[in-house]
Amino acid sequence: MNQALLRHPHFVSLEGGEGAGKTTAINAIRDLLRERGHEVVLTREPGGTPLAERIRGLVLKPDEEIAGEPLSAEAELLLVFAARAQHVRQVIRPALQRGAYVISDRFTDSSYAYQGAGRGLDLQWIAELEKRAVGLQPGLTLLLDVDVAVGRARANGRDLWPDRIESEQDDFFQRVREQFRLRAQQDTQRFRLIDAGQDQAGVAAQVRRAVAEWLEQEADA
Ligand code: Z5A
């Protein structure tokens, strides 16, 4: 089994808490890359393939038949990784292989943040799954960082029925935010921290700047 963890320069992920504004950021990156003539594939996690989208439903919005059965943290982790293993092989790698840029709304960093810091699962176990089941990291990860209360207020303005994870308490989201920030501090080569507390135009401008600089670095490398 392949255990190498490779970074691909055309693979970009967006991370952050609820209501951080990933949609605005994704649109800004897509526009920038298309202006420069690149093929862009937009995708998301959990999800991105029909099977992985089914798994997303199981994790976030279980139907009536299974809603009463508590989902253990361990099962939640394995489900998001099952979805990711599928997503990488069916969508992400084929797109990268034909030269496209792939922008994913969340990727493995979310598992470290939500299942690791949020649910309290062993980060080493997650690292092992990342190596064995995924084998791929983004070349660039934009972390949209925003105060938990601000992000939740934005998301609450939109969600009538919060999903399983959105129903968690503020301390869960605080741990998630801290884990994302820690990962960004520990890997400044891959991460760019975006102040997502600004208005949407301000966030889009920071994102465009960060991606343009990164493209220049990649071209010089
Ligand atoms: N999850 C996990 O547990 N483990 C994993 O491995 C993975 C995921 C991959 C689904 O993700 C859930 O899966 C997520 C983590 C978990 N759960 N949570 N929480 P998701 O990305 O689909 O769900 P989300 O993070 O809850 O999405 P979101 O709340 O939609 O966040 P967003 O995409 O960053 O926000 P948005 O749609 O761009 O904006 C939200 C609202 O805020 C919207 O009304 C905007 O108009 C408004 N907004 C956005 N930016 C601004 C600014 N700058 N100012 C004012 N208002 C703004």
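Residues numbered from 1 in each chain as written. Predicted model: local features only at pLDDT ≥ 70, side-chain atom pairs only at ≥ 80, totals over all residues. Heavy atoms only, no water.

**Student:** If you had to explain the pairing of strand S4 (residues 136-145) to someone new, which residues and values would you point to?
**Tutor:** In terms of burial, S4 is a largely internal element, 10 of the 10 residues being buried. One ladder, built from eight bridges, connects strand S1 (residues 6-16) with S4; its direction is parallel. Directly across from Gly-16, in S4, lies its bridge partner Leu-144. As paired strands, S4 and strand S5 (residues 191-195) are joined by five bridges and run parallel to one another. Opposite Asp-145, over in S5, you have Asp-195 as the bridge partner. (Buried < 20%, exposed > 50% of the residue type's maximum accessible area, 1.4 Å probe, protein only. Helix = DSSP H or I, 4+ residues; strand = E, 2+ residues; numbered from the N terminus. Pairing = 2+ DSSP bridges.)

**Student:** Please give an account of the nonpolar core that cites residues and values.
**Tutor:** Core analysis: the biggest nonpolar cluster contains 26 residues, and Leu-14, Ile-29, Leu-142, Leu-144, Val-207 and Val-211 have the highest contact counts within it. Looking at this core, the elements with two or more residues in it are S1, helix H1 (22-35), strand S3 (101-105), S4 and helix H9 (200-220). When residues of this core are assigned to their parent elements, the largest contribution, eight residues, is made by H9. The residues contacting Val-207, other than those within four sequence positions of it, are Ala-25, Ala-28, Ile-29, Leu-142, Leu-144 and Ile-194. Counting residues in each nonpolar core, the second largest holds 23 residues, with Ala-100, Val-102, Phe-107 and Leu-136 among its members. (Core = buried A, V, L, I, M, F, W, Y, C linked by side-chain atoms within 4.5 Å. Contact = heavy atoms within 4.5 Å.)

**Student:** Which residues make up the site of the ligand, and what values do they have?
**Tutor:** Near the ligand there are 26 residues, and of these Lys-22, Arg-56, Arg-106, Ser-111 and Arg-158 occur at the shortest range. Contact between the ligand and Arg-106: an oxygen atom at 2.4 Å from a side-chain N or O atom of the residue. Gln-115 places a side-chain nitrogen or oxygen 2.8 Å from a nitrogen atom of the ligand. In the complex, 84% of the free accessible area of the ligand, which totals 1000 Å², lies under the protein chains. (Near = heavy atom within 4 Å. Polar contact = N/O pair within 3.5 Å; in protein donor to acceptor, adjacent residues only side chain to side chain. Areas by Shrake-Rupley, 256 points an atom, 1.4 Å probe, with all protein chains shown as cover.)

**Student:** Hey, could you go over the packing of helix H5 (residues 108-118) against helix H8 (residues 170-186) for me, with residue numbers and the actual values?
**Tutor:** Relative orientation of the contacting elements H5 and H8 amounts to 135 degrees, with a least axis distance of 8 Å. Accordingly, the angle class assigned to the pair H5 and H8 is oblique. Crossing handedness for the pair H5 and H8: right-handed. Where H5 abuts H8, its residues Asp-109, Ser-110, Tyr-112, Ala-113, Tyr-114, Ala-117 and Gly-118 lie against Phe-172, Phe-173, Arg-175, Val-176, Gln-179, Phe-180 and Arg-183. (Axes fitted to C-alpha atoms, helices over the stretch in contact; angles between N-to-C directions. Parallel < 35°, antiparallel > 145°, perpendicular 65-115°, else oblique. Left-handed = near helix turned anticlockwise from the far one by under 90°.)

**Student:** Quick one: what's the story with the side chain of Gln-206, residue by residue and with numbers?
**Tutor:** Its location among the elements puts Gln-206 in helix H9. A relative accessible area of 13% means that Gln-206 is categorised as buried. Setting aside residues no more than four positions away along its own chain, Gln-206 makes contact with Ile-194, Asp-195 and Gln-198.

**Student:** Give me unusual backbone geometry: which residues, what numbers.
**Tutor:** With an omega of -15 degrees, the peptide bond running from Glu-45 to Pro-46 counts as cis. Here Pro-46 lies in the loop between strand S2 (40-44) and helix H2 (50-60). Even without being a glycine, Arg-106 presents a positive backbone phi close to 80 degrees. Tracing the chain through its elements places Arg-106 in the loop between S3 and H5. Judged by relative accessible area, which is 14%, Arg-106 ranks as buried.

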